Structure formats: structure tokens, C-alpha cells
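What follows is each chain in one-letter form.
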Amino acid sequence: MGLLLSLYLAQGLPVGFLTQALPAILRKNNVSLAAIGGFGLLMAPWALKFLWAPVVDRYFSPQWGQSRSWIIPTQCLTILLLLVISFLEPSALASPVILLSFFIVLFLINLMGATQDIATDGLAVRLLHKQQQRWGNAVQVLGSRLGFIFGGGAVLLLLDLWSWQLVFLLLTGFVLLNSLPILFFREPVWPQQIQVDVSPKAASKLSLSRPAFTLKKWRKFFAVEFAYFWHSPQMRAWLLVLLTFKLGDSLSGAMVKPMMVDMGFSLGNIGLMASMLGSVASVLGALLAAWWMKYMARSTALWWFNLLQILSFLLYAILAWQFEYSHIVIAWQVYSVNAIEQFAGAMALVAMLTLIMDYSRKQQAGSDFTFQVSVLAVTGGGVHIVSGIVAEYWGYSIHFGFCVLLAVLCLWPIFRWKRLEITD
């Protein structure tokens, strides 16, 4: 559990900056809501990581271990990229060339993090027994939320006090510190381990006259690799749950920090009260969900925890309406609703990740887990990109009201899948 916590925290630190700190920083500098939503493209590697997940599952060094072969190099590259960002001068972002370079480095950091996540998820599925899974997923949420606290909230707070370079060197040091446990971990040789022979002798047998993978072969490979997820009515129902689960959450979450900036909250207050305390609330939600799921079916937990999250969207809509029509902002109400949303979202996420583990086959745990999480990310990232356009056109109150309606509609796939699961 300690090893998994360190790995999820290491990947959560850069993601925390991108999802928690960057939107507020951009809005503070008068970037449009549409452009802020467009920055969701940086998260594309997390949505598309299923494309190279089978490679991570199959190609590795037996001496290093199936997961360590990928985790160690990607963590090293992430540290180097964070060092590059630390030497950036923020005022130079006005230059299109510097801004593009910044975007590329952030994209590469996400690419490394997404690849590390494939290997870490596979390691978690192989390490944890069924009764440990809910706690393992609570640790995953805990690690990512601690990453949000330090990479998002603390960065916003410290940027008001320290220089950009010092803050990012500190962030790099935290990533390095949490990369150390995997160096000393001796990964077992798994009985179901699949390894592709990449020796020079085997490589010499490959035909050099034509590509190893044509587009047709690639499509056929993925059709066979992931046919498991649409081979039965229950699995197709589960796939629909994955496709719809993050729609309301992603559409809502993308505009929370920009709305706080428009309400007049400082970056320091957003970092401390929203990002940091909100993340603490999510940690408590994850731990409570892991304990509670001992006494209820996992499908039932997914239903009720998701319903609680929808309530938080409704509260956001009420706060936005109050601000737009009376210009009254009560700080404790805003922070409380944010804490409720983070608390409920973590509970729903623990239930979802535990079910994803249930549907992951041991022999290709990284690929199956990654495919399911990527489905969540593709649909969630898609609505994230358009969230700014919706909020800018309709206003925050209608935007969050629409999030409530969309999330309620997305309860139907859960209800349908739950009935099929009981029938089976």
C-alpha cells in the first residue's frame, strides 16, 4: 500500500498543477473560458493511453520487472521535464514560441504520467487480493488527491510568496522523493506473465520489406485485444456505464476554479480553501467509501455515491445563480460546496475503480484497467474541452444546472447494468 501510495502521489503532483492550479492562473490573467476549456487537450495522453497499454503489458525487462521496467524510466523523464519548466520565466509566456514550448513540455509530462499509470495500475491489480481492492483504490485516490494538494493548492499558495523557479524545484523534489520506493521494490515474477521476445535473434526474423503493423493489422489487434468488453450483454452494459460516468463530473469540474476567480477569490485562497481543503475532503471520502463498501454491494455503492455527487452539482448551480443575480458571495458556502463535491466525487471514484479492477483480467491487467479508465477519460475530456464554451454562452448557473440534468440522465446506464449484473 505504501508503494502504491508513493507511485500515485508521484504522478498526481504534475496532474494536480495542470487540473487545479493552471485553470485559476490562466483565468487570473484574463484568459477566456473557452481557451481554458481547450487546455483539456493536455490531458489527451490519459484518454488515449489504452493505445500503447498492450505494449507496456508485453514488453519489459525480466531483470527489472514487468512494471518497474516502465515506471522507473518514465519517472526519471518526468523529473527532467519538471526541471526544464522550473527554468521558465512566466512573463515570457506572452511569446507564442515560449507558450508553445510550455504546452509541449506539459504534454510530454502527461505522456510520461499516463504511461507510468498503465504500469502502476497493472501492478496494483496483480498485487491486491479481492478484499484488498477497495483499500487499494482508496490509496489510489488518496495519492492523487495528495498530489492535487501539493501540485495544485500548495503551488497556488506558494506562487504568491516565492519565485516560479523555487516552487517548481520544490515540486520536482517531491516527485523525486516519491520515486525512490520503486527503486528498492523487488517485483515478483508473475505466474500469468506475458513477455514478448525482443532478443536480436527474434528481431532479425521480422520482415523488413513491409511495416510490422499496418493500420488494418492494428485495428484487428485491438478488436481481438479488447473484444472481452463487448462479448456479452452485461459487458456491453458496463461499457455504456464507462462511457457516461464522467460526463456530468467533467463538465462541472472544469469551470469551478474559473467561477471562483470571477467571484473575486484570490489565487492563494483558492489554493488553500478550495484545492487543498477540497482534496482533504476527497481523501476522507475515499477512506469512508472503502470502509462502507465492506457492507454493501459494489454496484449499489456506485449508484448512491454518484447520486450524492449530483447533489453537489445542484448546489453549485444555486451558488452561481445567487452570484449572477444578486452578486452576493458567501465564502464559507462556496468552500463547503466544493468540499462536498470533492468528498462525493472521491467516493464515487473508489467504487468505480474497484469495479474496474473486478473487470480486469489478471493476465493483461494493465491493458484492461487502462482501457476502462481511458474510456472514462475520453468522454470526460471531450466535455471538458467544450465546458468553457457552454459556461461562456449560458453563464455559470445554467451551466451547472445542465450538469445536474446530464448526470441524472447518466444514472440510467448504471441502473440497466445493475439489473443485468443481478440477473447474471
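Note that this is a predicted model, so its numbers are computed, not measured.

### Remarks on the overall build of the protein chain
Then, number 1: From N to C terminus, the protein chain includes 19 helices and zero strands.
Then, number 2: Taken across its 424 residues, the protein chain has 54% of its residues classed as buried.
Then, number 3: Residue pairs in contact within the protein chain that sit at least 24 positions apart in sequence constitute 86% of those at least 6 positions apart.
Then, number 4: In the form shown here, the protein chain has an accessible surface area of approximately 18700 Å², with 71% of it arising from carbon and sulfur atoms.

### Some points on the confidence of the model for the protein chain
Then, number 1: Scored by pLDDT, the protein chain comes out at a mean of 85, with 90% of its residues at no less than 70.
Then, number 2: Below pLDDT 50 for its whole length, residues 202-211 participates in two contacts with residues either more than four positions away or in separate chains.

### Comments concerning the environment of V15
Then, number 1: Within the element layout of this structure, V15 appears in helix α1 (residues 2-28).
Then, number 2: The exposure class of V15 is buried, given its relative accessible area of 11%.
Then, number 3: Between the alpha carbons of V15 and G113 there is a distance of 8.3 Å; along the sequence they are 98 residues apart.
Then, number 4: Apart from the residues lying within four places of it in its own chain, the contact partners of V15 are Q20, M43, W46, N110 and F148.

### Here's the deal with a nonpolar patch on the surface
Then, number 1: Together, F150, L161, W162, L166, L170, F174, L176, L177, L180, L183 and F184 give the surface a local cluster of nonpolar side chains, amounting to about 1100 Å² of exposed area.
Then, number 2: Looking at the nonpolar patch, the element that brings in the most residues is helix α8 (residues 164-183), giving seven residues.
Then, number 3: Mapped onto the secondary structure, F174 falls in helix α8.
Then, number 4: When its relative accessible area of 30% is taken as the criterion, F174 is described as partly exposed.

### Re the nonpolar core
Then, number 1: F17, I85, L106, Y396 and F400 are the most contacted members of the largest nonpolar core, which has 52 residues in total.
Then, number 2: When residues of this core are assigned to their parent elements, the largest contribution, nine residues, is made by α1.
Then, number 3: Among the nonpolar cores identified, the runner-up in size contains 49 residues, and V241, F245, M293 and A351 belong to it.

### Quick word on helix α5 (residues 68-86)
Owing to its 3.6 residues per turn, the α-helix brings residues three or four apart onto one side.
Then, number 1: In a regular helix each residue adds 1.5 Å, so 19 residues correspond to 27 Å; α5 covers 27 Å between its end C-alpha atoms and thus fits that length.
Then, number 2: Residues R68, S69, I71, I72, T74, Q75, T78, I79, L81, L82, I85 and S86 constitute the buried set of α5.

### Quick word on the packing of helix α11 (residues 233-244) against helix α16 (residues 331-358)
Then, number 1: Packing of α11 against α16 leaves a shortest axis separation of 12 Å and a crossing angle of 145°. For the crossing formed where α11 meets α16, the hand is left-handed. Of the residues in α16, those in contact with W238, V241 and L242 of α11 are M352, L355 and I356.
Then, number 2: Of the residues in the contact of α11 with α16, the class split is six nonpolar, no polar and no charged.

### Brief notes about the packing of aromatic side chains
Then, number 1: Scanning the entire structure with this criterion turns up 18 aromatic pairs.
Then, number 2: Aromatic side chains F17 and W164 sit 6.3 Å apart centroid to centroid with 85° between the ring planes, which places their arrangement in the edge-to-face category. Taken together, the positions of F17 in helix α1 and W164 in helix α8 put the pair 147 residues apart, joining distant regions of the chain.
Then, number 3: Taking relative accessible area as the criterion, F17 reaches 2% and is therefore assigned buried.
Then, number 4: Ring centres of F17 and F168 lie 5.1 Å apart, and the angle between their planes is 80°; on these two criteria the pair is classed as edge-to-face. A residue pair is termed long-range when its members are at least 10 positions apart, and F17 in helix α1 and F168 in helix α8 qualify at 151 residues. Accessibility assignment for this pair places F17 and F168 in one class, buried.
Then, number 5: Linked through ring pairs, F50, Y228, F229, W230 and F371 together constitute an aromatic cluster.

### A closer look at empty space enclosed by the protein
Then, number 1: Tallying each qualifying case throughout the model produces six cavities of 30 Å³ or more.
Then, number 2: Within this model, the largest cavity holds a volume of roughly 50 Å³.
Then, number 3: Counting only elements with at least two residues in the lining of the largest cavity, the list comes to α12 (247-253) and α15 (298-326).
Then, number 4: Here the element with the most residues in the lining of the largest cavity is α15; it accounts for four residues.
Then, number 5: Here the lining of the largest cavity is composed, by residue class, of five nonpolar, four polar and one charged.
Then, number 6: Counted as a void, the second largest cavity has a volume near 40 Å³.
Then, number 7: Around the second largest cavity sit P14, F17, L18, L82, I85, L106, I109, F168 and L171, which together line it.
Then, number 8: Every element with two or more residues in the lining of the second largest cavity is listed here: α1, α5, α6 (96-127) and α8.
Then, number 9: Top contributing element to the lining of the second largest cavity by residue count: α1, with three residues.
Then, number 10: Partitioning the lining of the second largest cavity into residue classes produces nine nonpolar, no polar and no charged.

Rules and cut-offs
Residues numbered from 1 in each chain as written. Predicted model: local features only at pLDDT ≥ 70, side-chain atom pairs only at ≥ 80, totals over all residues. Heavy atoms only, no water. Helix = DSSP H or I, 4+ residues; strand = E, 2+ residues; numbered from the N terminus. Buried < 20%, exposed > 50% of the residue type's maximum accessible area, 1.4 Å probe, protein only. Contact = heavy atoms within 4.5 Å. Areas by Shrake-Rupley, 256 points an atom, 1.4 Å probe, with all protein chains shown as cover. pLDDT = per-residue confidence, 0-100. Patch = residues over 30% accessible without salt bridge, like charges linked within 9 Å, V, L, I, M, F, W, Y side chains within 5 Å. Salt bridge = Lys/Arg side-chain N within 4 Å of Asp/Glu carboxyl O. Core = buried A, V, L, I, M, F, W, Y, C linked by side-chain atoms within 4.5 Å. Expected span 1.5 Å × (residues − 1). Axes fitted to C-alpha atoms, helices over the stretch in contact; angles between N-to-C directions. Left-handed = near helix turned anticlockwise from the far one by under 90°. Nonpolar A, V, L, I, M, F, W, Y, C, P; charged D, E, K, R; others polar. Phe/Tyr/Trp six-rings, centres within 6.5 Å; stacked < 30°, edge-to-face > 60°. 1 Å grid on protein atoms, 1.4 Å probe; cavity = no way out; pocket = protein on both sides within 12 Å on 5 of 7 lines; lining within 4 Å. Points joined across faces, edges and corners; volume = space filled by probe spheres on them.

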